[in-house]
Structure formats: C-alpha cells, structure tokens
Amino acid sequence: MNAVRHSLLAQQLPLLYIMMLIAAVLVLFTFRNSAPLPLISVVPVILFSSAIIRTVHWFRLRRTELTEQQINRQIRATMILGPVMAFGFTVWAGLLFDYGDAYQQAFIALMVLICATVTSVCTAAMPATSSLIIVAACLPFTIKLLADDNEVLATMVVAFATIGVLLHKILRQYYHALTDVIESRNLLTRRNNEVTAAKREVTRIAYTDELTGIANKRHFNQKLNELIEHHPDPQQSLVVGIIDLDGFATINDVFGYAFGDAVLKEAANRLQTIFAGKDFVARYEGDEFAFILNAAADEHEAMHIATEVCKTLEQHYHIGGDTAILAASCGLAAFPQSADNADLLRSRAYYALHEAKTSDRTHIALFSPRHEQSIQSRSQIEQALRLAIHENKLDVSFQPIMDIEAGKPVAFEALARWHDSELGHISPVQFISTAERTGLISELMVQLLEKASATARSWPSSIQLSFNMSAKEIVRTSTGLRTLSILNENQLPGQRLDIEITETALLENFNAASSTIQNLKMAGVSIALDDFGTGHASLGYVGKIDLDKLKIDRSFATGINENIRNQHIVKAIIDMCGNLDIRCIAEGVETPAELETLRKLGCKYAQGYLFGRPMPADETFKFIADCVQQNTTPLNQAAG
Ligand code: C2E
Ligand code: CA
Ligand code: CA
C-alpha cells in the first residue's frame, strides 16, 4: 500500500512544490514595495530553499527503485514536512497580509486557498496528511481573515472552505478508487511475474539434464534446429559431435550406479569447461554427450577439438577413493557438407560414431563421402535383401564337419548364400547383420532352416545338421517353438539338429537365450558354442550353459604349426572339453599339416577347406557317398 502511495506522491509532489514556488514568487512580486525587508528576503529564502531541496529530492526518487523501508521513511518524512511547510507558508502569507492594500490582500487570500486546494489534490494519496496540511495551511489564515472583520473576505473564506471540504471528500473517494485500481494492477503484475518465473523454471527443468545439470537432448535438438535455420554463412561449417563413453556399463556393474552417476557428472563438468562460453554441449542419452561447433573454421579444427575432448574424458576419474578409466569415441558430421537438415546431421554423426567405435585405428571419425557411399550401398543391399527374402531366393550351402579318425562327416554346417543378379555374391557376414538390423532375420531364419532341414532329412541318420542361429533370434521367446515346428514339418527329429550360437547372444540377454536353449534341448537339439576363443567371456559361458559342442575358432587352426602359444591354447580347450564331456571341433583346417597337429593335440572333429568347402545341397550326397564308399577324402590322403 505504501508503495502505491509513494509512487503517486513521487509523481505529484514535485509539481506541487513547483506550483508553491510560483505562488510564492507571485506573492513576493505583489508585496515587493509594501512589505518590510525581512519578510521579502529572509523568510522567502528559507521557504524557497526548502521547497527547491524537496523538489529535487522527489524528482530524484522518481528514477530510483526503493526498498520497503526506504519508502516508509519517505512517507513518514512527508507526513511531518508537508504540514510544517504549509504552516510556514501560510504564516508568511498572514504576516504579509497586514502590509497590503485590499487588492493585495485579496490576491494573497486567493493564493493561500488555491495552494491549499492544490495541496489537497496532490497529497490525496495520504488522506490524513492531506487533511493536516489543509488545516495547517488554512486555519491560521482563516482565523486571520475572520479577525479582520471584512465581510467580503469572510465570505470568500466560507466559499473556499466549503469548496475545499467538498473537493477533499471527492478526492478521497477518487483516491480509494485509484488505489484499488493500482493495487489490482500491482497484484496482476506480481502474478504475471510469478507466472513468468514459473514458466522460466519449467523451461529450465525441461531443457536441463537432471543428473549433470547441463543441457539435455531436447535442448540440444532445439538448439541445433535453430542454428541450422539461422545459419548465416553457408561457407562456414557447423559441426555436430556425438561422444560415447566406452566401458561405462562396466563401471556401473563394477562400482555401482551411484559411482556411475558421479562419473557422468564429472564428464559433464569436463565438457563444460572445454566448451564454456564458446560452443554448446549437452548430455544426449545415457553415457552419450553431444556438442555443436558453430562456425568451426574447418573440418580439421573440428577433428582437433574432438581429439582434445576425448583425451579430456579419458583422464582418470577419482571418486570417493576409487578410480575409473574410460575410453571415449566421437562421431562428427558437418553442415551443410554431410547433411542439409538437423535430423540427417544427427544420424550422420551417429553413423560416424559407429564407425569410430568399430575402427581399430582411431576413436574419432568425421562423416565423409566414403561413409555416404557405404550408406548408399547398405540401403541398396537392404532393399535387395528384402526382395530376395520376400521371394525366398536365399540358398543354403553345406560344409562338412568330420570325424578325423573315421574320415567321415558327422555333420554338415548350413551356411547361408545369396547371389543377387545386380549386386553379385554378398557375404553372409554382411547380409546376416543387415537382416538383424532391419528385423528380417526371423523370416530369413525360417526359410534357411526349412531348406536345410529338407536336405538334412535325406542324409543318413548318423549325420547331423548344424545350423547357425543369430543372436537376435536366440533371445526371442518364440524361437524355440518355431524351430521345433519347422523340424516337425520337415520330419527331422530334434536329435538331428545342432544349433550353433555365439557368445554375443549370451552377452545380449543371457536369461532369454538360456530359456530358448532349454526349450530346444528338451526336444533333443544339441547346442554348440561357435567361434570359441575370440570373444571376451567364452569360458564363463562354458560353465553356465549345458553345452554339447564347442567349435574352436578358425584363427587357432590357421597357422597353428607356427604358433606354439595357439597349440597350448587349443590343447587346453580340448582337455577342458574332454573333462566336461563336450564334443570339440576345430574350425578352419586348411592343410594336412594343421590337421596332423590338431590330431596330435587330441582333436577328434574338424571342419575346413581341407575336407570340403561349403557346397550346394545335392553335392552333400555325393560327398557322403565318397567318404563312406571310396574313402577318398582329403583326410585319408593327408593321413596317407
Ligand atoms: P561361421 O559360423 O564361423 O561359419 C564358418 C565360416 O568359415 C564360413 O564362412 C565358412 O565358409 C568359413 N570357412 C570354413 N572353413 C574354412 C577354412 O578352412 N578357411 C577359411 N578361411 N574359412 C573357412 P561363411 O559361409 O562366409 O560364413 C561366415 C559367417 O556368416 C559364419 O561364420 C556365420 O557366423 C555367418 N553365417 C553364415 N550362414 C549363416 C546363417 O545361416 N545364419 C546365421 N545366423 N549366420 C550365418
Ligand atoms: Ca558357425
Ligand atoms: Ca565358426
């Protein structure tokens, strides 16, 4: 309330003082020749200087933001000074009155009453003070006029007093209405300020990452859109970088989530220090961060910054007495060179990140025309594969798995083959991963297993079908049943099937994979662990899963004679399989010398070009017949 009063006073009091000064000058002018010197010199000087000081004071206050205490102090001062000054003025006027003629007296009476009325208007914001000022200004003068026994002056006093009282009343009503309006306006402004502050806070929360306190994904995307939309100079690059902390999941597993959170916070701090004030950095997702280099000089500079960023993130994290080490990879994409919109730029940066992570040489990659080409060819392969699967055009080749001593195949491994009329021969490594990525793998697996089972059904019952099952498939709950129903349709008993799995599947989702494996095993299907020795956790899974077979990766057989270490490893694996009653198969045997060494190490089963390359279905029958009847396999030649 006092704030409202104060703002009204600050508007009006300077004007009031100016008016009083003018009135005083006019009075002085009128009495210049008739009043004694002290009354037209000393008194006016005191009155004038006080009025001028107050005018300047109020003018100053108009531009100043005051605290509540200061406002109260100003109002208290006005409550005292107002009546005192009014009283001073009116006493001065009363003293002058006696020295004037009738006109001068009428003039001074008029001045006092006008000043009292205007004061009443100007101090309406403080009704009590206003009344006091009027009383202080008018009462001494009224008494003086009435005492003078002049009828005209007395009537004038009565007229002005009546008007003054009425005016004062009207003004009070006006003042109340005005303060109501001002108070509601102030309330509204306060509410608006609160709403604006709340909105600002909501926006801040929506655009800030809760854990690290830096910008979040939403903020990053919005910023990128804005920068691209208003990118001033097409000659200058805007580079997006996405950083991934390699090994962060392990840190969570080893040290716990609280430690993981602390690492992320520390990583965010380091990034903010690097980018502070220049560029934009955000936590994108989980252990991914993203930054925007606006107006990077060139792509080399962007690579240089990314290198520095990764180095900084790779420095040790000392938290609560523990120390963690992380590696960082970064994918970069430049606008407008790599993409002409924000979505594409992000996905290009992700592509580069993926390249960076899979590259042996560097952990930083900038999206380049070479990547563009491989995306084109990837999408071409995707389209062609979709069509080939739709038309059931993929084939199966069979590679024998041999019993070394007997010189006979114990199984054939089914290997997918695809020859496209335009793209030519495409490696299964490539199209299987494409099928996994695009969700075509289930359909593909069904087609391949159907074809392989149809062939296997015609082999002697002692020969198994060994079938590769993708990691993506083994973790699906429907896979076990679907596999068994295909076997059933093709009249191939479960006991005739070996499923080859890699540890990738077990790493991805051990429980899901393990449940499919159990379902298959209940139907008599055997489980083989493929490519053993290449991964990170193979040995752990040998104990965890009820394995029937283990295939030693071909990297061990190749050149085994020149590598004593590999010989020791292979021997250890063979012994372990013997102890666990797991059949052990050496893959990739290419030369008789390799076979001989493996045989000496105790290996009983082998697969490789030495015995036979993957062959079409109809050749398997000839192969079996040759082995059984003519004993002319390379194995026998090698042994001989
Ligand atoms: P894998 O399961 O380890 O299959 C063995 C691969 O080694 C085959 O390559 C085979 O041709 C090759 N190989 C066999 N003996 C030798 C040898 O003596 N020397 C050399 N250098 N290589 C030999 P392929 O057919 O190109 O298959 C590559 C990979 O593709 C397979 O590795 C497997 O992971 C995957 N794959 C193939 N067919 C299928 C399939 O039907 N389903 C799934 N999920 N994956 C498949
Ligand atoms: Ca295999
Ligand atoms: Ca293999």
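Residues numbered from 1 in each chain as written. Chains lettered and ligands numbered in written order. Predicted model: local features only at pLDDT ≥ 70, side-chain atom pairs only at ≥ 80, totals over all residues. Heavy atoms only, no water.

*Asks:* Explanation requested: the overall build of the chain in the structure shown.
*Replies:* Check the secondary structure of the chain and you find 25 helices and 16 strands. Taking 26 Å as the expected radius of gyration for a compact globule of 640 residues, we find that the chain reaches 48 Å, considerably beyond that expectation. Based on the C-alpha atoms only, the size of the chain along its principal axes is roughly 160 × 50 × 45 Å. Considering the chain as a whole, with its 640 residues, one finds that 46% of them fall into the buried category. A fraction of 71% describes how many contacts in the chain between residues 6 or more apart in sequence connect residues 24 or more apart. Here the chain displays about 32400 Å² of accessible surface, and carbon together with sulfur accounts for 56% of that area. For the chain, the centre of its 55 positive side-chain charges and the centre of its 68 negative side-chain charges are spaced 7 Å apart. (Helix = DSSP H or I, 4+ residues; strand = E, 2+ residues; numbered from the N terminus. Rg over C-alpha atoms; globule rule 2.2 N^0.38 Å. Buried < 20%, exposed > 50% of the residue type's maximum accessible area, 1.4 Å probe, protein only. Contact = heavy atoms within 4.5 Å. Areas by Shrake-Rupley, 256 points an atom, 1.4 Å probe, with all protein chains shown as cover. Lys, Arg positive; Asp, Glu negative; His and termini not counted. Charge placed at Lys NZ, Arg CZ, Asp CG, Glu CD.)

*Asks:* Can you walk me through the coordination of the calcium ion (ligand 2) in this structure?
*Replies:* Any two of four tetrahedral donors ideally make an angle of 109.5 degrees at the metal, while pairs among six octahedral donors ideally make 90 or 180 degrees. At the metal site, the calcium ion (ligand 2) is ligated by Glu413 (OE), Asn468 (OD1), Glu500 (OE) and Asp530 (OD), and these contacts range over 2.1 to 2.3 Å. Separating the calcium ion (ligand 2) and the calcium ion (ligand 3) is a distance of 3.8 Å, and Asp530 donates to both of them. Here Glu413 is found in strand β9 (residues 408–420), whereas its partner Glu500 is found in strand β12 (residues 497–501), with 87 residues between them in sequence. On the accessibility criterion, Glu413 (5% relative accessible area) is buried. Residue Glu500 is classed as buried on the basis of its relative accessible area, which comes to 1%. (Donors = N, O, S within 2.8 Å, 3.2 Å for Na, K, Ca; no water.)

*Asks:* Looking at this structure, I do not really get the domain arrangement of the chain. What am I missing?
*Replies:* Put simply, an interface is often sized by how much accessible area is lost when its parts join up. The domain architecture assigned to the chain consists of domain 1 (2–189), domain 2 (217–367) and domain 3 (379–635). In this structure, domain 2 and domain 3 have C-alpha centres spaced 40 Å apart. (Domains from an automatic or database assignment.)

*Asks:* Sorry if this is basic, but what is going on with the site of ligand 1 here?
*Replies:* Taken together, the neighbourhood of ligand 1 is formed by 22 residues, with Gln399, Arg417, Arg554, Glu590 and Tyr609 sitting nearest. One nitrogen or oxygen atom from the main chain of Ser470 is found 3.5 Å from a nitrogen atom belonging to ligand 1. Asp530 has a polar side-chain atom sitting 3.0 Å from an oxygen atom of ligand 1. Relative to its unbound accessible surface of 790 Å², ligand 1 loses 83% to contact with the protein. (Near = heavy atom within 4 Å. Polar contact = N/O pair within 3.5 Å; in protein donor to acceptor, adjacent residues only side chain to side chain.)

*Asks:* Which parts of the structure should I look at to understand a nonpolar patch on the surface?
*Replies:* A cluster of nonpolar side chains, contributed by Leu15, Ile18, Ile22, Leu26 and Phe59, occupies part of the molecular surface with about 420 Å² of accessible area. Per element, the largest residue contribution to the nonpolar patch is four residues, and it comes from helix α1 (residues 2–30). Secondary-structure assignment places Ile22 in helix α1. (Patch = residues over 30% accessible without salt bridge, like charges linked within 9 Å, V, L, I, M, F, W, Y side chains within 5 Å. Salt bridge = Lys/Arg side-chain N within 4 Å of Asp/Glu carboxyl O.)

*Asks:* Can you walk me through the coordination of the calcium ion (ligand 3) in this structure?
*Replies:* Here the calcium ion (ligand 3) is held by the protein donor atoms Asp530 (OD), Asp531 (OD), Glu587 (OE) and Glu587 (OE), which lie 2.1 to 2.6 Å from it. Sequence positions of the residues that donate to the calcium ion (ligand 3) give the spacing D-D-x55-E. On the basis of relative accessibility, which here comes to 28%, the residue Asp531 falls in the partly exposed class. A relative accessible area of 9% means that Glu587 is categorised as buried.

*Asks:* When you look at helix α7 (residues 151–206) in this model, what are you seeing that I'm missing?
*Replies:* At 3.6 residues per turn, the α-helix brings residues three or four places apart onto the same side. In this model, α7 (56 residues) spans 80 Å end to end at C-alpha, consistent with the 82 Å of a helix rising 1.5 Å per residue. If you check which residues of α7 are buried, you get Leu153, Val157, His168, Leu171, Tyr175, Thr179 and Ile182. Against α1, α4 (68–97), α5 (102–122) and α6 (127–147) lie the buried residues of α7. (Expected span 1.5 Å × (residues − 1).)

*Asks:* Is there a simple way to think about helix α17 (residues 479–489) in this case?
*Replies:* Taken together, the buried positions of α17 are Thr479, Gly480, Thr483, Ile486 and Leu487. One side of α17 carries all its buried residues, which in axial view fall inside an arc of 135°. Summarising the geometry of α17, the exposed residues directed more than 90 degrees from the buried face are Leu481, Asn488 and Glu489. At its buried positions, α17 is contacted by α15 (441–456), α16 (471–474), β12 and α19 (510–522). (Arc of directions from axis to C-beta.)

*Asks:* Just to check I follow, could you spell out the pattern of salt bridges for this structure?
*Replies:* When charged atoms on two side chains of opposite charge get close, those side chains can pair. According to the stated counting rule, one finds 24 salt bridges in the structure shown. The salt bridge partner of Glu391 is Lys393, with a shortest N-O separation of 3.0 Å. On the basis of relative accessibility, which here comes to 40%, the residue Glu391 falls in the partly exposed class. For Lys393, a relative accessible area of 55% corresponds to the exposed category. Residues Glu500 and Lys551 are paired through a salt bridge, measuring 2.6 Å at the closest nitrogen-oxygen approach. Residue Glu500 is located in strand β12, and its partner Lys551 is located in strand β14 (residues 549–552); the two are separated by 51 residues in the primary sequence.

*Asks:* What should I look at first to understand the packing of α15 against α17 in this one?
*Replies:* Following both chains from N to C, one finds α15 and α17 inclined at 30°, their axes separated by 9 Å at the closest point. Relative to α17, α15 is oriented roughly parallel. For the pair α15 and α17, the sense of crossing is right-handed. Contacts between α15 and α17 involve Ser442, Met445, Val446, Leu449, Glu450 and Ser453 on the former and, on the latter, Thr479, Arg482, Thr483, Ile486, Leu487 and Glu489. Here the contact of α15 with α17 is built from residues that sort into five nonpolar, four polar and three charged. (Axes fitted to C-alpha atoms, helices over the stretch in contact; angles between N-to-C directions. Parallel < 35°, antiparallel > 145°, perpendicular 65-115°, else oblique. Left-handed = near helix turned anticlockwise from the far one by under 90°. Nonpolar A, V, L, I, M, F, W, Y, C, P; charged D, E, K, R; others polar.)

*Asks:* For this particular structure, what's the right way to read the packing of aromatic side chains?
*Replies:* Each aromatic ring pair is summarised here by two numbers: the centre-to-centre distance and the angle between the ring planes. Applying the stated criterion across every chain yields a total of 11 aromatic pairs. Each ring, one from Phe398 and one from Trp459, has its centre 5.3 Å from the other, and the planes form 85°; the classification is edge-to-face. Taken together, the residues Phe398 in strand β8 (residues 395–403) and Trp459 in the loop between α15 and β11 (464–468) connect sequence positions 61 residues apart. Of the two residues, Phe398 and Trp459, both sit in the buried class. Ring geometry for Phe412 against Phe623: centres 6.0 Å apart, planes inclined by 75°, an arrangement best described as edge-to-face. With a gap of 211 residues between them, Phe412 in strand β9 and Phe623 in helix α24 (residues 617–630) connect regions that are remote in the sequence. Since its relative accessible area comes to 11%, Phe623 is described here as buried. Connected via pairs of aromatic rings, a cluster forms that spans Phe220, Phe280, Tyr284 and Tyr350. Above the ring of Tyr317, the side-chain terminus of Arg270 is found at 3.9 Å from the ring centroid. When the ring centre of Tyr609 is taken as reference, the NZ or CZ atom of Arg613 above it lies at 3.7 Å. (Phe/Tyr/Trp six-rings, centres within 6.5 Å; stacked < 30°, edge-to-face > 60°. Lys NZ or Arg CZ within 6 Å of the ring centre and 35° of its normal.)

*Asks:* I keep staring at the packing of α1 against α7 and nothing clicks. Help me out?
*Replies:* How two helices sit against one another is set out by the angle between their axes and by the gap between those axes. Direction vectors running N to C along α1 and α7 enclose 115°, while the axes themselves pass 10 Å from each other. The orientation of α1 relative to α7 falls into the category roughly perpendicular. Crossing of α1 over α7 shows right-handed handedness. Contact with α1, carried on its side by Val4, Arg5 and Leu8, involves Tyr175, Leu178, Thr179, Ile182, Glu183 and Asn186 of α7 and no other residues of that element.

*Asks:* What am I meant to see in the side chain of Thr129 here?
*Replies:* The topology assignment puts Thr129 in helix α6. For Thr129, a relative accessible area of 5% gives the class buried. Dropping the residues within four chain positions of it, Thr129 is found in contact with Thr78, Met79 and Pro83.

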